[in-house]
Amino acid sequence: MAESISTSPTGNAAARGGFLAAIFLMATSAVGPGFITQTATFTATLGSAFAFAILASIVIDFVVQLNIWRITALTRSNASATANAAIPGAGYLLAVLVIIGGLAFNVGNIAGAGLGLNAMFGLDPKIGGAASALLAIAIFLSRRAGLLLDRAIIGLGVLMIGMVVIVALSSNPPVGEALRQSVLPDVIDFPTITTIVGGTVGGYITYSGAHRLLDKGLVGEENLAAVTRASLSGIVVTGIMRFLLFLAILGVVASGVTLDLSSQVANPAAQAFAAVLGDWGMRIFGVVLWAAALTSVIGAAYTSVSFFSAFGKMTDRSRSIATVGFITVSLLVYVSLGTAPAALLIFVGGFNGLILPIGLTIFTYVGFARPDLMGGHRYNRPLLIAAAIVCALTWYMGANSIGGIFAFLQG
């Protein structure tokens, strides 16, 4: 049967809470420490031209999230199960890639938490990262883990938005020039675009909100309109956050401040906040980065572990154990690495950008050719055409960016 895009809300308070949790899980995962560090680094090197990459990430995010959320709602299955049903074996491949990418991203998230506490208190980044990882584990081990997860993500997300708004208003960025270069950039850099796309919608982030809705039972045709509404709301929140953060740092760069990108302890975003608000700004930035990192550690672990079910049924207990193990392994890898945290945060975004087209290709195929997996729906054709275009674009960008992305680790 055919369907159109409707956005009428549901009236159930519990459902609204579930949708809000999914929106913020997606938004805080998409605007995590990787994106913050990438934005500062690329704004310092590209200036206003980086606006084009931000706009591209938002457009791609719109197409990816809207299709993934809606198809997941219709199939009533997580991504790996949907992929296996559509193309035998594809779900296992997707699960392995997302888990590996999620692990890489979580190493970067823990690094971001360490950078945040370093900016707040001068704490060694590895000690700060370890303390933050242990806090995330404590949240998962709580008897009320689901409620704590939702409330922590929503509260920390609101805090991030408020602080970035203050800095964006204080830095006096060249808004007109940024708007011009968002559509007519002086330079287009594919590794940069692939990295920022991967850092905001690649890897596990693609499925974070959709899997949260699945766990809460907010799926099926009866919830499709509200799923669409929630997805659009999440994209709007993340889009605003991305542009605000970019403008905040652009104002600093445009004023003549040079951000240090070379040292092993470089924290370019912290330098930008400090340039606007002084020592107070540095500490406030630490709160923002730590909040972004902690929510992303939780989101990466939660979503990556949801893919473990591709290899066998999981109980609540086994899922909790796997989540704790996932965070612990991420922490051990981070502590043992010699790579500078900022460089690591940039690399993992690019790595997950290389994973993005694989999952999107599978879901686009499901939308076009497997209505049987979606309860007989004839999926919205304009959305599928947009998904096919983004598929081709992300494959092209990935092919042209592999060398440049791995080069980030050397910087």
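One can find the structure itself at the top, above this paragraph.
Below, the structure is looked at part by part. Note that the coordinates shown come from a computational prediction; the quantities given were computed from them, not determined experimentally.

Let us now look at the overall build of the protein chain. Summing up its helical and strand segments, the protein chain has 16 helices and zero strands in all. Put simply, of all contacts in the protein chain between residues at least 6 apart along the chain, 86% involve residues at least 24 apart. Of the roughly 14,900 Å² that the protein chain leaves accessible, carbon and sulfur atoms contribute 67%.

Under the counting rule described, the total for this entry stands at eight aromatic pairs. Residues Tyr-207 and Phe-307 carry aromatic rings whose centres are separated by 5.3 Å and whose planes lie at 70° to one another, so their mutual orientation is edge-to-face. Placement of Tyr-207 in helix H10 (residues 205–215) and of Phe-307 in the loop between helix H12 (268–306) and helix H13 (316–336) is noted, with a sequence separation of 100 residues between them. Each member of the pair, Tyr-207 as well as Phe-307, carries the same accessibility label: buried. Look at Phe-243 and Phe-246: their rings are 6.2 Å apart centre to centre, the planes differ by 70°, and that puts the pair in the edge-to-face class. Separated by three residues within a single helix, Phe-243 and Phe-246 lie in helix H11 (residues 224–254), roughly one turn from each other. Taken together, the ring pairs in this structure connect Phe-42, Phe-50, Phe-243 and Phe-246 into an aromatic cluster.

Turning our attention to the environment of Ala-300. Position of Ala-300 relative to the elements: it lies in helix H12. When its relative accessible area of 0% is taken as the criterion, Ala-300 is described as buried. Ala-300 sits 26 residues away from Phe-326 along the chain, and the two C-alpha atoms are 9.3 Å apart. Leave out the neighbours within four places in its chain, and Ala-300 touches Gly-102, Asn-106, Asn-109, Tyr-204 and Phe-326.

So, about helix H4 (residues 79–86). Side chains of residues three or four places apart in an α-helix project in the same direction, reflecting 3.6 residues per turn. Most of H4 is tucked away: six of the eight residues are buried. Within the span of H4, buried status applies to Ala-79, Ser-80, Thr-82, Ala-83, Asn-84 and Ala-86.

Here we come to the packing of helix H3 (residues 50–75) against helix H9 (residues 190–201). What describes two packed helices is the angle between their axes and the distance between those same axes. Remark: H3 packs on H9, axes separated minimally by 9 Å, with the N-to-C direction vectors making an angle of 45°. By the criterion of interaxial angle, the relationship of H3 to H9 is oblique. For the pair H3 and H9, the sense of crossing is right-handed. Contact residues: Phe-50, Phe-52, Ala-53, Ala-56, Ser-57, Ile-60, Asp-61, Val-64 and Gln-65 in H3; Thr-192, Ile-193, Ile-196, Val-197, Thr-200 and Val-201 in H9.

A separate point is a nonpolar patch on the surface. Where nonpolar side chains cluster on the molecular surface, the patch consists of Tyr-92, Val-96, Ile-100 and Phe-311 and spans about 390 Å² of accessible area. By the secondary structure assignment, Phe-311 is in the loop between H12 and H13.

Following the sequence through the fold, Asn-84 ends up in helix H4. Only 2.9 Å separates the side chain of Asn-84 from the backbone nitrogen of Gly-91, close enough to count as a polar contact. Not counting the four nearest positions on each side in its chain, Asn-84 is found in contact with Gly-89, Ala-90, Gly-91 and Tyr-92.

Parameters and conventions
- Residues numbered from 1 in each chain as written.
- Predicted model: local features only at pLDDT ≥ 70, side-chain atom pairs only at ≥ 80, totals over all residues.
- Heavy atoms only, no water.
- Helix = DSSP H or I, 4+ residues; strand = E, 2+ residues; numbered from the N terminus.
- Contact = heavy atoms within 4.5 Å.
- Areas by Shrake-Rupley, 256 points an atom, 1.4 Å probe, with all protein chains shown as cover.
- Phe/Tyr/Trp six-rings, centres within 6.5 Å; stacked < 30°, edge-to-face > 60°.
- Buried < 20%, exposed > 50% of the residue type's maximum accessible area, 1.4 Å probe, protein only.
- Axes fitted to C-alpha atoms, helices over the stretch in contact; angles between N-to-C directions.
- Parallel < 35°, antiparallel > 145°, perpendicular 65-115°, else oblique.
- Left-handed = near helix turned anticlockwise from the far one by under 90°.
- Patch = residues over 30% accessible without salt bridge, like charges linked within 9 Å, V, L, I, M, F, W, Y side chains within 5 Å.
- Salt bridge = Lys/Arg side-chain N within 4 Å of Asp/Glu carboxyl O.
- Polar contact = N/O pair within 3.5 Å; in protein donor to acceptor, adjacent residues only side chain to side chain.

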